[in-house]
Amino acid sequence: MTAAESAGPLRRSPLDAVHRNLGAKLVEFGGWDMPIQYAGVLVEHRACRTDAVAFDVSHLGSLRIVGPGAFDLLQRAFTNDLGRIAAGRAQYTHLLDPTDAHVEDDIIVWWVADDEFLVMPNASNTDRIVAALQSEATADAVSISDVTAERAVIAVQGPRARELAATVSPAMAAVPRFAVARVEWQGTECVVAGTGYTGEDGFEVHVPFAVAPALWRAFMAADITPAGLGARDTLRLEAGLPLHGHELGEGITPLQAGLGWVVRWDKGEFRGRDALAAEKAAGVTRRLRGLVVEGRRPPRAGCSVLIDGAVVGEVTSGNFSPILEHAIALAFLPPDVEDGAAVAIDVRGSLLPAVVTKPPFVR
Amino acid sequence: MTTPEGLRYSKEHEWVRVEEGRVVIGITDYAQDALGDVVYVELPDMGAAVVANASIAEIESTKSVSEVYCPVTGTVVEVNSALDDTPEAINEDPYGRGWIFAVELADAGELEGLLDAAAYEAFLAE
């Protein structure tokens, strides 16, 4: 998981007291004191694949971008093409470094209304994204404000997420996949998107600070299981989803990460385009792949990957898969390594056999 | 958090149960709780010579890897191979089914250097 970069006191979620009452274990994450687990990572993970769970993801940043210049600013700053969606939709996108096209952050944009967007970066990247957007903004037709401290974000995920959440709010539960809608709950306006980070169906709610504990308790009363960031990490790994600081970040471009679909070359100019175009023309030197590991022992970030005894790559994330009941990993390998190729992973001197695959590991 | 009477404890959070001619070793309730869900245990080799306070086994949880330090000197005479398939026994029953390995002691006097239950609980409270 991403290490914190801030040295100051930890930020607390609006749900902090609720978590402590539930007996959560809290850990430092991206400068925030957040629940890593309640009952345990494995049971929470399995609940998300078979039932329904709720995560507090208030540590994500929320930037409100408003004004007639908002669309143009985001279109110029990010790699994906907002022209392919419309107000009321969400889109996954990247912000690239203008010099070497590494992924400064991966972001979900919620297009709330014509001239109003919520941009949600990773916790520790929020200040950097604000600075980048301000440097890309050319006119005063757009305002950029960090509203992270004003709200909580709750993710409800799992095959029964909509069914159980419908008893709390039918309108929230009805927001379709990748749609964005304003929903009133007990007289308070929330913003809901059909997004998540688990590979399961579900939605995420942007709820004002003061109302967040009541909404969380309502989800709990609806038999939705609280889940921590530990399960969120094993879930995203099974789903083959990248984590900034591991599969994305310094030195890693979208093309290396296998996320070329996030880059829309036909939309015109965007930050980092020239540097990325140069890499595209030359061809990538490594590509992110999945590794199905024999046995339960988890490889970790930094472990070497070998083919025929020679080091060819490095693990970026690895863990035990609670659903498959063996270990899995993501790793950078040379681009010509084929699916099905046999590799070995060096875990502190032990060589674990593994097979190269195309994620997701769990469908 | 439970700390059974009758066991000896190390400050590295291992427990030691003295049996006829050998000791059985595992990790404490406090340690398993701190580790979180255990998903893999790298057991010591049968017959391995161990030295007190040396790393002898590894426990992998969903969060991280931790080393198990052998609190005594001797020879590994049994390992709990049931942990290969059910490592969660360390979470569920750390003083019972979650035992990790057994050692034939080279020097029974080493046990005197370990903590009793009250002293271990006092250490945890520090």
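Given the structure is predicted, the values throughout are model-derived calculations rather than measurements.

## Some remarks on the overall build of chain A
From N to C terminus, chain A includes 9 helices and 20 strands. In terms of overall size, chain A behaves like a compact globule, its C-alpha atoms giving a radius of gyration of 20 Å where 363 residues would be expected to give roughly 21 Å. Each principal axis of the C-alpha distribution contributes one length, and for chain A these read about 65 × 50 × 40 Å. Counting every position in chain A, which comprises 363 residues, the buried fraction comes to 59%. The long-range fraction of contacts in chain A, counting pairs at least 24 apart against all pairs at least 6 apart in sequence, stands at 67%. If you sum the accessible surface of chain A, you get close to 13900 Å²; carbon and sulfur atoms cover 51% of it. Of the charged side chains in chain A, 33 are positive and 45 negative; the average position of the first set lies 4 Å away from that of the second.

## Examining the sheet that holds strand β20 (residues 350–357) of chain A
All names here are of chain A. Read around the barrel, 6 strands follow the order β15-β18-β17-β16-β19-β20 and close on themselves; strand pairing throughout is antiparallel. Sheet twist, expressed as the average angle between the axes of neighbouring strands with direction ignored, equals 45°. For strand β16 (residues 304–307) and strand β17 (residues 310–321), the ladder comprises 4 bridges, and the chain directions are antiparallel. Among the inter-strand pairings, Ile307 is bridged to a residue of β17, identified as Ala310. In this fold helix α8 (residues 229–238) packs onto β17 and β18 (326–333), with an angle of close to 125° to the strand it touches most, β17.

## Some words on the packing of aromatic side chains
Following the criterion strictly, the structure yields 9 aromatic pairs over all chains and no others. Ring pairing ties together the aromatic residues A:Phe71, A:Trp111 and A:Phe117, which thus form one cluster.

## Thoughts on the side chain of B:Glu14
All names here are of chain B. Topologically, Glu14 is positioned in strand β2 (residues 14–19). Among buried charged residues, Glu14 stands out as having no salt bridge; its nearest opposite-charge side chain is Lys11, 12 Å away. Polar contacts involving the side chain of Glu14 include one to the side chain of Ser10, which spans 2.7 Å. In terms of polar contacts, Glu14 uses its side chain to reach the backbone amide nitrogen of Tyr69, at 3.0 Å. Setting aside residues no more than four positions away along its own chain, Glu14 makes contact with Arg8, Tyr9, Ile25, Gly26, Ile27, Thr28, Val68, Tyr69 and Pro71.

## Some thoughts on the pattern of salt bridges
Scanning all chains against the criterion turns up 28 salt bridges over all chains. For A:Glu104, the salt bridge is made with A:Arg271, and the minimal N-O distance between the two is 2.6 Å. Taken together, the residues A:Glu104 in strand β7 (residues 103–113) and A:Arg271 in the loop between α8 and α9 (273–282) connect sequence positions 167 residues apart. The network of salt bridges with common partners includes A:Arg297, A:Arg300, A:Arg348, B:Glu42, B:Glu58 and B:Glu60.

## Details of the side chain of B:Asp37
Here B:Asp37 is to be found in the loop between α1 (29–35) and β4 (38–42). One buried charged side chain, B:Asp37, makes no salt bridge at all; its nearest oppositely charged neighbour is A:Arg46, positioned 7.2 Å away. Engagement of the side chain of B:Asp37 in a polar contact is seen with the backbone nitrogen of A:Val41, the distance being 2.6 Å. In terms of polar contacts, B:Asp37 uses its side chain to reach the backbone amide nitrogen of A:Leu42, at 3.0 Å. Contact partners of B:Asp37, with chain neighbours within four places excluded, come to A:Gly40, A:Val41, A:Leu42, B:Glu60, B:Ser61, B:Thr62 and B:Asn91.

## A closer look at the pairing of strand β4 (residues 53–56) of chain A
All names here are of chain A. Side-chain alternation along β4 places Val53 and Phe55 on one buried face and Ala54 and Asp56 on a second face that is also buried. Looking at chain direction, β4 and strand β14 (residues 225–226) are connected through 2 bridges and run parallel. Note on β14: the bridge partner recorded for Ala54 is Pro226.

## Overview of the environment of B:Val77
Residues and elements named next belong to chain B. Inspection of the secondary structure puts Val77 in strand β8 (residues 74–79). A residue is classified by how much of its surface remains accessible, and Val77, at 30% relative accessible area, is partly exposed. Apart from the residues lying within four places of it in its own chain, the contact partners of Val77 are Arg22, Met46, Ala102, Val103 and Glu104.

## Here we look at the interface of chain B and chain A
In this assembly, 18 residues from chain B lie in contact with 14 residues from chain A. Roughly 1300 Å² of surface becomes buried between chain B and chain A when both sides are summed, with 46% attributable to carbon and sulfur atoms. Considering only the surface of chain B that becomes buried against chain A, B:Val39, B:Thr62 and B:Lys63 emerge as the three largest contributors, covering 38% of it. Our count for the contact surface shared by chain B and chain A stands at 7 salt bridges. Of the charged contacts in the structure, one is a salt bridge between B:Glu58 and A:Arg348, with a shortest N-O distance of 3.1 Å. On the surface where chain B and chain A come into contact, there are 12 residue pairs in polar contact (both at pLDDT 80 or more). A per-class count over the side of chain B that touches chain A returns 5 nonpolar, 4 polar and 9 charged.

## Digging into the nonpolar core
All names here are of chain A. Counting residues in each nonpolar core, the largest one holds 42 residues, and the members touching the most others are Phe55, Trp110 and Val180. For this core, the leading source of residues is β7, giving 4 residues. Judged by nonpolar contacts, the second largest core, of 32 residues, contains Val156, Ala165, Val168 and Ala173.

## Brief notes about the domain arrangement of chain A
Accessible area lost on assembly of the parts is the figure often given for the size of an interface. Residue and element names in this part refer to chain A. For chain A, the assigned domains are domain 1 (11–55 + 148–238), domain 2 (63–146) and domain 3 (285–357). Domain 1 puts 15 residues into the contact, and the matching count from domain 2 is 17 residues. When domain 1 packs against domain 2, the two sides together hide about 1200 Å² of surface, and 62% of this comes from carbon and sulfur. Counting the surface domain 1 buries against domain 2, the share from its top three residues, Phe178, Val180 and Arg182, is 41%.

Cut-off values and rules
Residues numbered from 1 in each chain as written. Chains lettered and ligands numbered in written order. Predicted model: local features only at pLDDT ≥ 70, side-chain atom pairs only at ≥ 80, totals over all residues. Heavy atoms only, no water. Helix = DSSP H or I, 4+ residues; strand = E, 2+ residues; numbered from the N terminus. Rg over C-alpha atoms; globule rule 2.2 N^0.38 Å. Buried < 20%, exposed > 50% of the residue type's maximum accessible area, 1.4 Å probe, protein only. Contact = heavy atoms within 4.5 Å. Areas by Shrake-Rupley, 256 points an atom, 1.4 Å probe, with all protein chains shown as cover. Lys, Arg positive; Asp, Glu negative; His and termini not counted. Charge placed at Lys NZ, Arg CZ, Asp CG, Glu CD. Pairing = 2+ DSSP bridges. Axes fitted to C-alpha atoms, helices over the stretch in contact; angles between N-to-C directions. Phe/Tyr/Trp six-rings, centres within 6.5 Å; stacked < 30°, edge-to-face > 60°. Salt bridge = Lys/Arg side-chain N within 4 Å of Asp/Glu carboxyl O. Polar contact = N/O pair within 3.5 Å; in protein donor to acceptor, adjacent residues only side chain to side chain. Buried area = accessible area lost by both parts, 1.4 Å probe. Nonpolar A, V, L, I, M, F, W, Y, C, P; charged D, E, K, R; others polar. Core = buried A, V, L, I, M, F, W, Y, C linked by side-chain atoms within 4.5 Å. Domains from an automatic or database assignment.

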